[in-house]
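# Working through the structure, step by step
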Amino acid sequence: MKRLIFLLITVALFLTANSNAQFVSVEIGVNGLTCSACTRSVEMSIRKLDFVADVQMDLENTQGTITFKPGSTVDIEKIAKAVVSAGFSVRFLNAVYKTDSTFQVSENYCMSYSGATYQFVKVTAGKMPGNITMKFIGKEFLPADEYKKWKDSLKAQCKDSKSTYFVTL
Amino acid sequence: MKCKALLFLALLFSIASSAQELYPLTEPASTVPQGVLGGRIMSQLYQEYSQTRQMYATRIMYGLTSKLTIEVTASTSNHHDTLLPPNLTKHTHNAQGGNVYTADNLPRGIYYPFIFAGYNFYAKYRVYSNDAEKSHFRIALFADYSTIDVAHDEAEPELLDDNGGYEGGIIVTKLIDRWAFSFTTDYIVPHDFTQTQTKYIWPPQVTTLQYGRALEYDFSIGYRFFPNVYMNDYTQNNFNVYVEFLGKSYNGAEVNVNGVVGNIQTPLLEKGYYVEMYPGIQWIINSNARAELSVGYPILGESYIHFYPVYDLAVQRYFYFSKSKPNPPVRKPPPLPANYGE
């Protein structure tokens, strides 16, 4: 059964994304942290996610770097949820996306990766190198006051608007 | 033997140890992370003439959701006799015939056995959160229920070790950088205590003691005095200092013996209020466990349920049940001297 699921996921990956394209790491800022034990709680909560390979928190600056297991399906929303379930909130979330090929980005460009769609907002059109850092825009990825500034410019325009993440560069 | 067992537990906690670094004596509005189990062992000690009064409590905490924390606390103490004092309506704790007697011209406390007091079930729900970089402001509501049924002989209710009953309140906590502030207020509705005495008495004497309802108001201030700047290392020791002000005002008790209301003639059973100050220190070990000590003195009025100073000790730890371990310390070793190996 496990093998079958693995096979299905692999097939899904090939269908929806460029080969070898994936999120490799995330820089995350966490709000509400004032103690080392709180930071540790956040780290432990993120570590419970099966696609996470490693977490390195910066205690003084209350942010951290999360690296992912190669070939795993990364669910960015789960990271934000892990921070919330530890009792804190996300200040920023920037994900590094790596592909073998360059691609053209324009305003409201829709990118598919592993069942989710990523809609680029407030970007200047141009060719992107293989590695890009996407800043996630959303209620769960930004403090309330910062999200307010973005709210009106977020209109889902991709085909699959059910699981659309808004990102900017 | 008891001492050894306690020492062992303290050691166990300090080695294995996690925790939100917050107040030794009051609950913060923050909650236990979801799916995380916490353990806490508490002790309260004070000297009553020749007797050292001791209370030990064990608490299990669990983060049911990120906003809802539940706790169960079991406690035992040598604070109470098995029966109420015979001169209940007149008894005091500082005169002959109360909790003290004189031998060799020295006042002595009366021996009480250790009694298992009961359980306290507690739930806390975080209703408001406003996080910013290195600060947060939170509000939580809480309620607890205590099954305790012991011969507590003062009007003041206390649900950790003295009274059964229920309690509900609100907690407001503000953390900013190295500072922590919290205000808690709650209302206590204690259960009555009833004892039926048949020994040497006929007809049996049924005494019901109805304790006073109480309003609590606590204010806590904390400050991280070490380290100034966090090293990127969870094993770095942290020290926090606290001052907590615990206040309570309570109604008078009512004594009823075989249906006759007693005439209260002791301040212990009359209504009262007080504010105590508890300076405290907390040691954070492995960013996971904490050990703390607070010492309490009265600053306005005084409580009759303990003597002063009151010593409060506790160790606490979180269990994450994660297969993946946190990063090992990244603290670099000091550079080798230039002439090393020559």
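Quantities reported herein were computed from a predicted structural model and do not represent experimental measurements.

## Some thoughts on the overall build of chain A
From N to C terminus, chain A includes 4 helices and 10 strands. Secondary structure elements in chain A, listed N-terminal to C-terminal, are α-β-α-β-β-α-β-β-β-β-β-β-α-β. Within chain A, buried positions represent 37% of all 169 residues. Of all intrachain contacts in chain A linking residues separated by at least 6 positions in sequence, the fraction that spans at least 24 positions is 71%.

## Description of the sheet that holds strand β16 (residues 272–285) of chain B
Residue and element names in this part refer to chain B. Around the barrel, which closes on itself, the 12 strands sit in the order β1-β2-β3-β6-β7-β8-β9-β12-β13-β16-β17-β18 with antiparallel pairing between neighbours. Across the sheet, the mean angle separating the axes of adjacent strands is 20° when strand polarity is ignored. Across 13 bridges, the pairing between strand β13 (residues 238–250) and β16 is antiparallel. From the neighbouring strand, F245 faces β16, where its bridge partner is M277.

## Some details on unusual backbone geometry
The linkage connecting F226 of chain B with the following residue, P227 of chain B, adopts the cis geometry, with an omega of 0°. As for its position among the elements, P227 of chain B is in the loop between β12 (214–226) and β13. With an omega of -5°, the peptide bond between Y308 of chain B and P309 of chain B qualifies as cis. Look at N108 of chain A: it is not a glycine, yet its phi comes out positive at around 65°. Along the chain, the position of N108 of chain A falls in the loop between β5 (103–105) and β6 (110–113). The backbone of N258 of chain B shows a phi angle near 45°, a positive value even though the residue is not glycine. Mapped onto the elements of the fold, N258 of chain B is located in the loop between β14 (254–257) and β15 (260–261). With 10 C-beta atoms counted inside 10 Å, the residue N258 of chain B sits in the exposed group.

## Considerations on the nonpolar core
Of all hydrophobic cores here, the largest spans 48 residues; its most connected members are V42, I79, V83, L93, A95, F136 and V167 of chain A. Sequence-distant contacts of F136 of chain A, that is, excluding residues within four places in its chain, are made with I76, L93, A95, F141, Y165 and V167 of chain A. Core analysis: the second largest hydrophobic core is formed by 17 residues, I148, L209, A214 and Y250 of chain B among them.

## Considering helix α3 (residues 76–85) of chain A
Taken residue by residue, α3 of chain A has I76, I79, A80, A82, V83 and S85 of chain A as its buried positions. Elements that come into contact with the buried residues of α3 of chain A comprise β1 (22–31), α2 (36–47), β3 (63–68), β4 (89–98), β9 (131–137) and β10 (164–168) of chain A.

## Some details on the confidence of the model for chain A
Residue and element names in this part refer to chain A. For chain A, mean pLDDT is 85; residues scoring 70 or higher make up 87% of the total. The least confident element of chain A, judged by mean pLDDT, is helix α1 (residues 2–16) at 52; the most confident is α3 at 95. Segment residues 10–18: pLDDT under 50, and 15 contacts once partners within four positions in sequence are set aside and those in other chains are kept.

## Quick notes on the environment of Q56 of chain A
If you trace the backbone, Q56 of chain A turns up in strand β2 (residues 52–58). Of the residues examined, Q56 of chain A has 15 C-beta atoms within 10 Å and is grouped as partly exposed. Measuring from C-alpha to C-alpha, the distance between Q56 of chain A and E27 of chain A comes to 9.7 Å, with 29 residues separating the pair along the chain. Excluding residues within four positions of it along the chain, Q56 of chain A makes contact with G64 and T65 of chain A together with N327 of chain B.

## Section: the interface of chain A and chain B
Listed by partner, the interface residues are 29 residues for chain A and 31 residues for chain B. Elements that contribute at least two residues to the side of chain A that touches chain B include exactly α2, β2, α3 and β4 of chain A. In terms of residue class, the side of chain A that touches chain B is built from 11 nonpolar, 11 polar and 7 charged.

## Observations concerning the packing of α2 of chain A against α3 of chain A
Residues and elements named next belong to chain A. In the contact formed by α2 and α3, the axes pass within 8 Å of each other and the chain directions differ by 140°. As summarised for this structure, α2 and α3 are arranged oblique, according to the angle between their axes. Handedness of the α2/α3 crossing: right-handed. Where α2 approaches α3, its residues V42, S45 and I46 are matched on the opposing element by I79, A82, V83 and S85. Along the lines of polarity and charge, the residues of the contact of α2 with α3 split into 5 nonpolar, 2 polar and no charged.

## A look at the environment of Y46 of chain B
Residues and elements named next belong to chain B. Topologically, Y46 is positioned in strand β1 (residues 37–48). Owing to 19 C-beta atoms within 10 Å, Y46 belongs among the partly exposed residues under this scheme. Y46 has contacts with R53, H306, F307, Y308, P309, V310 and Y311, leaving out every residue within four places of it along the chain.

## What to know about the sheet that holds β15 of chain B
Residues and elements named next belong to chain B. If you walk across this open sheet you meet the 4 strands as β10-β11-β14-β15, and the pairing is antiparallel. At either end of the open sheet lies a strand with only one pairing partner, and these are β10 (193–197) and β15. Relative to β14, strand β11 (residues 205–210) runs antiparallel, the two sharing 4 bridges. Paired with L209 across the strands is V255, a residue of β14.

## As for the confidence of the model for chain B
All names here are of chain B. For chain B, per-residue confidence averages 88 on the pLDDT scale, and residues scoring 70 or more make up 88% of the total. Below pLDDT 50 for its whole length, residues 6–20 participates in 38 contacts with residues either more than four positions away or in separate chains. Across the assembled chains, the prediction reports ipTM 0.81 with pTM 0.86.

What counts as what
Residues numbered from 1 in each chain as written. Chains lettered and ligands numbered in written order. Predicted model: local features only at pLDDT ≥ 70, side-chain atom pairs only at ≥ 80, totals over all residues. Helix = DSSP H or I, 4+ residues; strand = E, 2+ residues; numbered from the N terminus. Buried ≥ 20, exposed ≤ 12 C-beta atoms within 10 Å, placed from the backbone. Contact = placed C-beta atoms within 7 Å. Pairing = 2+ DSSP bridges. Axes fitted to C-alpha atoms, helices over the stretch in contact; angles between N-to-C directions. Core = buried A, V, L, I, M, F, W, Y, C linked by C-beta atoms within 7 Å. pLDDT = per-residue confidence, 0-100. Nonpolar A, V, L, I, M, F, W, Y, C, P; charged D, E, K, R; others polar. Parallel < 35°, antiparallel > 145°, perpendicular 65-115°, else oblique. Left-handed = near helix turned anticlockwise from the far one by under 90°.

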